[in-house]
Amino acid sequence: ISKQMLEQVLGELQPLCTAEQQFIEKFFQHSQDPADLEVAGQGASVPPHFITYLCFVLFLRLEEPTARLLSEIFSCLEPELRGFLDVCNKVHPFGCLQVLVTLNDSVFEMWDSSSALPSSFLSAVLGNVLLLAKSSFNKYIGTLCKEIEEAKMPSKMKGGILPSVSRFEEFVDFSEEVFRTARRRGELDKAHLRLAGSVFSSINSLSSANLKVNTDMVMMENFHHIHSFLCQKKIHCLEGKKKEAKQRFSEHMEKYVIKYLGQPLEKLNHFFEGVKARVAQGVKEEEVSFQLAYSKQELRKVIEKYPGKEVKRALETLYRKIHKYLSPEENLLPVVWQAVEQEFIRQYQEFEDLIQRCYAGSGIAMDFTTEDLLSYFNSITLSN
């Protein structure tokens, strides 16, 4: 509504101000400097960010009496416009976007229009007001960035999409619609980059937050959500952020998976971490089994704790736990579970390799094979 009202006001002002200026110049025989008209005629070749400046400069170069008369006749125009824009900004949370686009387009249309005087009084006034609109827009973006960066995790929130991410998406959706037909979007692109940086900073700050759930899980879900959103929007200036979001999603999913995979084979994992540490310290592989804590007898004791049935049961418990905490709207369960399967099999094969290298000829083997593990995972996936 505010956009339509603003367009109507500007549309009615232009013929009024133009007619008044033409009348004054004709009646008082005030002529415009031909050099000014020549400069104005070259407007199409002037870089867009100089338009506002040129409107102002050209007005100042009008014959002095004309400029003085118009300023007196329309003395209340700029203050009234500023007040009206202030109201427009307050009507909608993102009102400053609509004001900026409408004013920008109006200035460009006046510049391109053959019926309007390029160095008109109204061009100068709108140039001043456009600078104010840009300032209001940048101030709003700064405030929004600060709110996003300082947003606290809801106390009862156990996971899912963060309010700061939803706020960012709401702004992008609305602004892209408003700027869809705009002649320029430089200000918007800068705003998108600032806000995206604030959102990423907000998500990163979760690592120091006291969450009731796994931090990597929340970060993984939110970066995945942002990546999916940016893929859908296809905003050129945010291509770098889209790639970064995908990378961060992958990193946190890997951390999440590795942390939870320590649980189904926790004692085996702990045992072989110790074996790797001894080898790294210089103990020969064939001599590891002579270390009291890593003897063949100790290895057998640990392996006996993980018969195939127990491993399958532990994986079923893990699946239910991941399913419980992952937010259903992201549909990440299949992706995460596949990553769990790949990491689990990688760990298993690493354990098998260490047994072959450090306990060669002992006949020690785990109670399940790679084929068994694939069967366990397949069974769990199909039954859920």
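For the structure, check the block above.
Residues numbered from 1 in each chain as written. Predicted model: local features only at pLDDT ≥ 70, side-chain atom pairs only at ≥ 80, totals over all residues. Heavy atoms only, no water.

Colleague: When you look at the side chain of Lys241 in this model, what are you seeing that I'm missing?
Modeller: Mapped onto the elements of the fold, Lys241 is located in helix H11 (residues 239-261). Other than its neighbours up to four places away in sequence, Lys241 contacts Ala196, Gly197, Phe200 and Leu230. (Helix = DSSP H or I, 4+ residues; strand = E, 2+ residues; numbered from the N terminus. Contact = heavy atoms within 4.5 Å.)

Colleague: Help me out: how do you make sense of the packing of H11 against helix H15 (residues 333-358) in this one?
Modeller: Relative orientation and spacing of two packed helices are given, respectively, by the angle between their axes and the distance between those axes. Between H11 and H15, whose axes approach to 10 Å, the crossing angle comes to 55 degrees. Considering their axes alone, H11 and H15 lie oblique with respect to each other. The handedness of the crossing between H11 and H15 comes out as right-handed. Contacts between H11 and H15 involve Phe249, Met253, Tyr256, Val257, Ile258 and Leu261 from the first element and Val335, Val336, Ala339, Val340, Glu343, Phe344 and Gln347 from the second. Split into classes, the residues belonging to the contact of H11 with H15 amount to 11 nonpolar, one polar and one charged. (Axes fitted to C-alpha atoms, helices over the stretch in contact; angles between N-to-C directions. Parallel < 35°, antiparallel > 145°, perpendicular 65-115°, else oblique. Left-handed = near helix turned anticlockwise from the far one by under 90°. Nonpolar A, V, L, I, M, F, W, Y, C, P; charged D, E, K, R; others polar.)

Colleague: So what exactly am I meant to see when it comes to the packing of aromatic side chains here?
Modeller: For any pair of aromatic rings, the description rests on two quantities: the centre-to-centre distance and the angle between the ring planes. A full pass over the atoms with the stated rule returns nine aromatic pairs. Ring geometry for Phe271 and Tyr294: centres 5.3 Å apart, planes at 65 degrees, overall edge-to-face. Residue Phe271 is located in helix H12 (residues 266-280), and its partner Tyr294 is located in the loop between H12 and helix H13 (296-304); the two are separated by 23 residues in the primary sequence. We classify Tyr294 as buried; its relative accessible area is 12%. Judged by centre distance (4.8 Å) and plane angle (85 degrees), the rings of Tyr319 and Trp337 are edge-to-face. Of the two residues, Tyr319 sits in helix H14 (residues 308-325) while Trp337 sits in helix H15, which places them 18 residues apart along the sequence. Accessibility classification places Tyr319 together with Trp337 in one group, the buried group. (Phe/Tyr/Trp six-rings, centres within 6.5 Å; stacked < 30°, edge-to-face > 60°. Buried < 20%, exposed > 50% of the residue type's maximum accessible area, 1.4 Å probe, protein only.)

Colleague: Any chance you could explain the pattern of salt bridges here in plain terms?
Modeller: Pairing between side chains of opposite charge can happen when the charged atoms of each approach one another. Per the stated rule, a full pass over the model turns up 16 salt bridges. The partner of Glu310 in a salt bridge is Arg313, with the nearest N and O atoms 2.5 Å apart. You can see Glu310 and its partner Arg313 sitting in helix H14, three residues apart, about one turn around the helix. Among the ionic contacts, a cluster of salt bridges with common partners joins Glu273, Lys276, Glu343, Arg346 and Glu350. (Salt bridge = Lys/Arg side-chain N within 4 Å of Asp/Glu carboxyl O.)

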